Amino acid sequence: MKLLKGYYAYLAVSGGLVLNLAVQSNWMLRIVAFALVSAGALSVQSASRWYTRASIAADVYMAFSLVLGPAVIPPGLLRIALEYASLVPLLLTGCMLLMGVKDQMRRIEHSALPEWVLLVVWSAGYILTLLAAPGWLNDFLFSNVVTLANTCISIGTVALIVEMFRAQRIYLQTEEQ
């Protein structure tokens, strides 16, 4: 039963990340996506304490998404500030999921270098977005930074999904032993 629970947990996290990548403009489906990520991460909290933290960060992101729903806060400066603030728990969710995978790899004495590289790529996309937000970049630099940030976010999300499937395989192998 524990093996089946671990399988479905990693499948929920990966499914939530895929759904989030597919429905960027639908705020309600993004809440559903991060509910899957939160539930999946909480289900495998025994594998690493980082998964519990990732679940909390996903819950905070869901709260931001709910507050930023179309009927709650009208367009304006407060909404823009909250949209950028909501990127922080999103960044933390991915980072904590990666740290959980890193812990699992270290536990079975595998190299954690891919997780560190992925952590840098994932973080760079959101950090570049946050740095470009104040508007102090000229138009040319801003468009290049936005393109680089979107590329890093997309690559980081796809790589995180792949890494979650790898973590699932490792988790199931270690649970069988």
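Nothing here was measured: the structure is a model prediction, and the numbers come from that model.

> Hey, could you go over the confidence of the model for the protein for me, with residue numbers and the actual values?
If pLDDT is low for a region, its predicted coordinates should not be looked at in detail. Model confidence for the protein is summarised by a mean pLDDT of 84, while 94% of its residues fall at 70 or above. No element of the protein has a lower mean pLDDT than helix α1 (residues 2–22), at 80, and none a higher one than helix α3 (residues 49–67), at 91.

> Explain the pattern of salt bridges to me, and be specific about the residues and the numbers.
Taken as a whole, this structure holds four salt bridges when the rule is applied. Note that Arg166 is salt-bridged to Glu163, the shortest N-O span being 3.0 Å. Taken together, the positions of Arg166 and Glu163, both in helix α7 (residues 139–176) and three residues apart, correspond to about one turn of that helix. Residue class for Arg166 comes out partly exposed when judged on its relative accessible area of 24%. A relative accessible area of 7% places Glu163 in the buried class.

> Got a sec to walk through a nonpolar patch on the surface? Specific residues and values, please.
Among the surface-exposed residues, Tyr7, Tyr8, Leu11 and Phe165 lie close enough to one another that they form a single nonpolar patch of about 380 Å² accessible area. Among the elements that take part in the nonpolar patch, α1 stands out by supplying three residues, more than any other. Take Tyr8: it is sitting in helix α1.

> Could you give me a rundown of the state of the cysteines, with the residues and numbers involved?
Throughout the structure, instances matching the rule amount to zero disulfides. Here Cys95 stays free of any disulfide, with the sulfur of Cys152 as its closest cysteine sulfur at 13 Å. By relative accessible area, Cys95 is classed as buried at 14%.

> Any details on the packing of helix α5 (residues 87–107) against helix α6 (residues 113–132)? Residues and values, ideally.
Packing of α5 against α6 leaves a shortest axis separation of 10 Å and a crossing angle of 175°. The angle between α5 and α6 places the two elements in the roughly antiparallel class. Taking contact as the criterion, the partners of Leu87, Val88, Leu90, Leu91, Gly94, Cys95, Leu98, Met99, Val101, Lys102, Met105 and Arg106 in α5 are, on α6, Glu115, Trp116, Leu118, Leu119, Trp122, Ser123, Tyr126, Ile127, Thr129 and Leu130. Of the residues assigned to the contact of α5 with α6, the class counts are 16 nonpolar, three polar and three charged.

> Please provide a residue-by-residue account of the environment of Gly16, values included.
Residue placement: Gly16 occurs in helix α1. For Gly16, a relative accessible area of 0% corresponds to the buried category. Put simply, Gly16 and Leu128 are 112 residues apart on the chain and 24 Å apart in space, counted from C-alpha to C-alpha. Apart from residues lying up to four places away in sequence, Gly16 is in contact with Ala33, Leu36 and Val37.

Rules and cut-offs
Residues numbered from 1 in each chain as written. Predicted model: local features only at pLDDT ≥ 70, side-chain atom pairs only at ≥ 80, totals over all residues. Heavy atoms only, no water. pLDDT = per-residue confidence, 0-100. Helix = DSSP H or I, 4+ residues; strand = E, 2+ residues; numbered from the N terminus. Salt bridge = Lys/Arg side-chain N within 4 Å of Asp/Glu carboxyl O. Buried < 20%, exposed > 50% of the residue type's maximum accessible area, 1.4 Å probe, protein only. Patch = residues over 30% accessible without salt bridge, like charges linked within 9 Å, V, L, I, M, F, W, Y side chains within 5 Å. Areas by Shrake-Rupley, 256 points an atom, 1.4 Å probe, with all protein chains shown as cover. Disulfide = S-S within 2.5 Å. Axes fitted to C-alpha atoms, helices over the stretch in contact; angles between N-to-C directions. Parallel < 35°, antiparallel > 145°, perpendicular 65-115°, else oblique. Contact = heavy atoms within 4.5 Å. Nonpolar A, V, L, I, M, F, W, Y, C, P; charged D, E, K, R; others polar.

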